[in-house]
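# Residue-level structural notes
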Amino acid sequence: VSTVHLVTSNSREWDRVPLALDGLTGFEIDLRLSAAKVRIGRVQLGRTAVAASQRGGKLVITVGESQAFNGVIRGSMSLAKSEAGAEAKADMQLTDVDLDACLGELFGLRRVEGKGNLSFAIEGTGRSVLTLTRNLSGTASLTSAQGAITGINVEQVLRRLERRPLSGGDYRSGRTPYDKLNVALKVANGIVTVDDTVVEGPSMRVTLGGTAAIPTRELDLKGTASLLGGAKEVAFELPFFVYGPWDEAMPLPDAQSLISRSDAAGQLLRSLNDSKTRDAVQSAIKRLTGQRPEPQPAAAPPPPAQ
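A brief report on the enclosed structure follows.

Here is what the cut-offs are and how they apply
Residues numbered from 1 in each chain as written. Predicted model: local features only at pLDDT ≥ 70, side-chain atom pairs only at ≥ 80, totals over all residues. Heavy atoms only, no water. Phe/Tyr/Trp six-rings, centres within 6.5 Å; stacked < 30°, edge-to-face > 60°. Lys NZ or Arg CZ within 6 Å of the ring centre and 35° of its normal. Salt bridge = Lys/Arg side-chain N within 4 Å of Asp/Glu carboxyl O. Helix = DSSP H or I, 4+ residues; strand = E, 2+ residues; numbered from the N terminus. Buried < 20%, exposed > 50% of the residue type's maximum accessible area, 1.4 Å probe, protein only. Polar contact = N/O pair within 3.5 Å; in protein donor to acceptor, adjacent residues only side chain to side chain. Contact = heavy atoms within 4.5 Å. Arc of directions from axis to C-beta.

With that settled, the discussion passes to the packing of aromatic side chains. Scanning the entire structure with this criterion turns up zero aromatic pairs. In this arrangement the basic side chain of Arg217 is found over the ring face of Trp14, its NZ or CZ atom lying 4.8 Å from the centre.

Here's what the structure looks like:
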């Protein structure tokens, strides 16, 4: 295990070093292990019961129960040498874990506070961790209640943009408490499809969809943030986008939606949809910038009289 490093020293990209699995051949083993404490890298586990079997160059580890991240882990993992380099599988269930610590240690994500349940069934092949991420397939889900998203206060941002759509400002601060967080993902060839993601609190709701690339650790998502009124009615709604590295990406509101909500800017945007107004604005811009107007085609001569 100590020879496998998931990320490089700067933790910004997956490790490219070839996986050395020659040690998996030439012997067989069947092991049962119980321990009060287990340390794997920086991860500290509590009471743990594990079974490991090694046959035909394939290592299978079954976690009967392990206390980790203030919750419980169960499941199985396997690693085998193959023609493609390494074949890895994982089918894990993490119950009632501390999401900030768990997601931070496993995936480098530190945006979610609170307790939750995480499960995933993933498999892939590759000669290094990087190439393995390009071939990953499977499913994953995350559920949580009574937690918070850190780095942004969705309700505060929506209320400010509802009053002043073009106010701008830095949104990268605060936290968003939620009552419910549901995430459902599908993975194919290293690309994650976000099928159903909902974050809902007492006065806001966020829905999200799109894709994420595991090899490049980048997001390309779009969603809708809603400010809720009485009886969960939508009082204000704003489309937004999330793209960039998954440990730095921040939501960006849809600019056209904000412009259309601004009284003055909205009137200008609507007027530009009129062809006569648009032509007049373009002509004025060309005069101010010293551009010569484009020559107009000559009118066709009238047809000869019959």
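The structure having been displayed, the exposition proceeds.
This paragraph deals with the pattern of salt bridges. Tallied over the entire structure, the rule returns nine salt bridges. With its nearest N and O atoms 3.4 Å apart, the salt bridge here joins Glu65 to Arg47. Taken as a pair, Glu65 in strand S5 (residues 58–68) and Arg47 in the loop between strand S3 (43–45) and strand S4 (48–55) lie far apart in primary sequence, 18 residues in all. Between Arg175 and Glu113 there is a salt bridge whose closest N-O contact spans 2.8 Å. Note that Arg175 is positioned in strand S11 (residues 175–188) and Glu113 in strand S8 (residues 112–113), a separation of 62 residues in sequence. Among the residues examined, Glu113 registers a relative accessible area of 31% and is labelled partly exposed. Taken together, the salt bridges that share partners define one network made up of Asp30, Arg32 and Arg55.

The next point concerns helix H1 (residues 99–107). Leu99, Cys102, Leu103 and Gly104 are the residues of H1 that are buried. The backbone nitrogen of Asp100 has a side-chain oxygen 3.1 Å away, supplied by the residue at the start of H1, namely Asp98. Two residues or fewer past H1, Gly108 is found with a positive phi of approximately 75°.

This brings us to the side chain of Gln54. Residue placement: Gln54 occurs in strand S4. Relative accessible area serves as the criterion here: at 1%, Gln54 is assigned to the buried category. If near-sequence neighbours (up to four positions away) are discounted, Gln54 is found in contact with Leu24, Thr25, Phe27, Glu28, Ile29 and Leu59.

Quick look at the side chain of Thr133 now. Here Thr133 shows up in helix H2 (residues 129–133). The class for Thr133 is buried, based on a relative accessible area of 4%.

Regarding helix H3 (residues 154–163), the residues found buried are Val154, Val157, Leu158 and Leu161. All buried residues of H3 lie within an arc of 95° about the axis, which places them on one face of the element. Residues of H3 that are exposed and angled more than 90 degrees away from the buried face: Gln156 and Arg163.

On to unusual backbone geometry, then. Residue Asn70 is not a glycine yet carries a positive backbone phi of 65°. The exposure class of Asn70 is exposed, given its relative accessible area of 63%. The phi angle at Asn189 is positive, at roughly 55°, despite the residue not being glycine. If you trace the backbone, Asn189 turns up in the loop between S11 and strand S12 (191–200).

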